Amino acid sequence: MPGASDYRRIVDPRRALDDLPSAGVGHFPTPLQFLPRLSDELDIEVWIKRDDVQGVALAGNKLRKFDLVIGQALEDGKDLLVTTGAAQSNSARTGAAAAAAVGIGSVLLLSGHPPATPTANALIDHLVGAEIRFAGDVGWDYLNAGVRDIVSEFHRRGHKPFAAPVGCSSPLGSLGFARAFLELDSQLTEAGIESSCLVHTSTSGGTHAGLLVGRELSGRSIQIIAVDVGAIYEDPHGALLDLARASAERIGTTVDLAPEDLIITTDQLGDGYAIPSNAGTEAIRLLATTEAILLDPVYSGKGFAGFVDMARRGALDGPVVFWHTGGYHALFHPPFASSLSNETD
Ligand SMILES: Cc1ncc(COP(=O)(O)O)c(C=O)c1O
C-alpha cells in the first residue's frame, strides 16, 4: 500500500479533480458569451463567463463550491449543512438551496438581525426551508467559530452535520473553481480565443484560489486579476496562496507561485464591503444597457467596475474574459434597489 507521501507521485491531479464527488446541483459548462456592444463601447474584445446562470436558486459562483462540498458530504453520509455569511449572503443562500435540492437540511448563521420582511437572498433562504439564526453585528471569524458550535450542537442532537466556512472557501470548495478554469480552458480552445486576461470579483478568495490551481493544471498562460470587494484578510496575498496550496494538495499537486505573483486590487472597495459605490452603479447600468446582463451592487457590479476601469485605462489587452460570479438577487433587496434607481448619481 502506498503511504501518504507517495500520493503526489502516483495520482494524476486532473483525474483526482474529475473524480471528486459532485452533488449534481449545477448546470455545467456555463456559457462563454461574446459581448459585441460592450466590446464596441470599451474598444476591446470582451467575453463573459456566465456563472450567473447555472443550477439551483439562480446560483452564482458559490454553486461550484457547494457542488463539491455537498457531494463529499453525501458520500460521507452527512445529513445537515451548517454554513454562514452576511444577512444577504449569496453563499449561504446557495448552500441552503443546494442542500434542499439534494434533500438534506441546512442551518444558516447570518450576521445582522432578523429583517421585518425577508427580501432577495434572505427570502430565498426562507423559501428553501433553511433554519436561520442571526448573530448580530459580528465579524467573519466570529461567524466561522459559531458554525463550529452549531455543528457540535447538532452532533449532540443525533444529526450528521457538516460545515462550510464563509464563502464556502475551503480547500475542497475552492476546487470547484479549478474545475471551472478547465471548463473555460476547453471553451477558449474550442472557440479559438487566445485570451490574455481574466478578471473576477473576489472576497473570501476561494474563486481566485481555485482558478489559480486550474490554470496550473491547464498550463495556459493567462493573467488572473481579482477585484477584491471585501478586503477581509490582513494579508490577502498570503491567505490566497495558502488556500490555493491547500486546494492543490488535496488533488496531489502544487501551485508554483509566490504571493507577489497574485494580482489583487482593492480599488473598487469604495466605502466598504456591501456599501454600493458610484462606479459600481455605473458599471451595472453599462452592462444592463449594452447587453441586458444583470450585476449586483455588492460583488459583481464592483468587480465589473474594476474591469471597465482597467479597460478604459488601456491596462487590458484583448480578448479578455470577465467572469460573472452572479449575485443579482441583491438587486431586489430594497436598500440596494434604491441605490440603483436614484438617478442623481
Ligand atoms: C456574486 C459573488 N461574486 C463574487 C464573490 C467572491 O467569491 P469568493 O468569496 O470566492 O472570493 C462572492 C462571494 O460571496 C459572490 O457572492
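What counts, and where the lines are drawn
- Residues numbered from 1 in each chain as written.
- Predicted model: local features only at pLDDT ≥ 70, side-chain atom pairs only at ≥ 80, totals over all residues.
- Heavy atoms only, no water.
- Domains from an automatic or database assignment.
- Contact = heavy atoms within 4.5 Å.
- Buried area = accessible area lost by both parts, 1.4 Å probe.
- Salt bridge = Lys/Arg side-chain N within 4 Å of Asp/Glu carboxyl O.
- Helix = DSSP H or I, 4+ residues; strand = E, 2+ residues; numbered from the N terminus.
- Polar contact = N/O pair within 3.5 Å; in protein donor to acceptor, adjacent residues only side chain to side chain.
- Expected span 1.5 Å × (residues − 1).
- Buried < 20%, exposed > 50% of the residue type's maximum accessible area, 1.4 Å probe, protein only.
- Near = heavy atom within 4 Å.
- Pairing = 2+ DSSP bridges.
- Right-handed = clockwise from strand over helix to strand, strands pointing away.
- Phe/Tyr/Trp six-rings, centres within 6.5 Å; stacked < 30°, edge-to-face > 60°.

Undergrad: What's the story with the domain arrangement of the chain in this structure? I'm lost.
TA: Interface extent is often summarised as the accessible area lost during association of the parts. When cut into domains, the chain gives domain 1 (4-59 + 170-341) and domain 2 (62-168). Each of domain 1 and domain 2 has a C-alpha centre, and the two are 23 Å apart. With 40 residues of domain 1 at the contact, the number on the domain 2 side is 28 residues. In total, about 2700 Å² of surface goes out of reach between domain 1 and domain 2, with carbon and sulfur atoms giving 65% of it. On the surface where domain 1 and domain 2 come into contact, there are two salt bridges.

Undergrad: Hey, could you run me through the side chain of S277 in this one?
TA: In this fold, S277 is placed in the loop between β9 (263-265) and α11 (278-291). A distance of 2.9 Å separates a polar side-chain atom of S277 from the backbone nitrogen of G280.

Undergrad: What should I look at first to understand helix α12 (residues 300-312) in this one?
TA: Because each turn of an α-helix spans 3.6 residues, side chains separated by three or four positions end up pointing in the same direction. With 13 residues, α12 should cover 18 Å at 1.5 Å per step; its first-to-last C-alpha distance of 18 Å lies within 8% of that length. Burial of α12 is extensive: 11 of the 13 residues sit out of reach of the surface. If you check which residues of α12 are buried, you get S300, G301, K302, G303, F304, A305, G306, F307, V308, M310 and A311. Check the buried side of α12 and you find it contacts α3 (36-42), β2 (46-50), β7 (197-202), β8 (223-228), α11 and β10 (320-324). Immediately beyond the C-terminal end of α12, within one or two residues, lies G314, with a positive phi of roughly 75 degrees.

Undergrad: Please clarify how the site of the ligand should be interpreted in this entry.
TA: Of all residues adjacent to the ligand, which total 16 residues, the nearest are K62, K65, S204, T207 and T325. The backbone of G205 places a nitrogen or oxygen atom 2.8 Å from an oxygen atom of the ligand. Residue Y299 places a side-chain N or O atom 3.3 Å away from an oxygen atom belonging to the ligand. Those elements that provide at least two residues to the shell around the ligand are α4 (62-75), β7 and α9 (206-218). Three or more residues apiece are contributed to the shell around the ligand by two domains, here domain 1 (4-59 + 170-341) and domain 2 (62-168).

Undergrad: Whenever I open this one, the pairing of strand β3 (residues 80-85) confuses me. Can you help?
TA: As a general feature of sheets, a regular strand has side chains that alternate between the two faces. Burial of β3 is extensive: six of the six residues sit out of reach of the surface. Two elements, β3 and strand β4 (residues 105-110), share six bridges in a ladder whose sense is parallel. Looking at the pairing, T83 lines up with L108 of β4. Remark: the β3/helix α5 (residues 90-101)/β4 crossover connection has right-handed handedness. With three bridges joining them, β3 and strand β6 (residues 161-163) adopt parallel strand pairing.

Undergrad: Please explain the packing of aromatic side chains as it appears in this structure.
TA: One pair of aromatic rings is described through two measures. These are the centre distance and the angle between the planes. Counted according to the given criterion, the structure contains seven aromatic pairs. Relative to F307, the ring of F304 has its centre 5.6 Å away and its plane inclined at 25 degrees; by these criteria the two rings are stacked. Placement of both F304 and F307 in helix α12 is noted, with a separation of three residues, approximately one turn of the helix. Owing to a relative accessible area of 0%, F304 belongs among the buried residues under this scheme. A ring pair is formed by F304 and F322, whose centres lie 5.1 Å apart and whose planes are at 70 degrees; its orientation type is edge-to-face. Of this pair, F304 sits in helix α12 while F322 sits in strand β10; the two residues are 18 residues apart in sequence, bridging distant segments of the chain.

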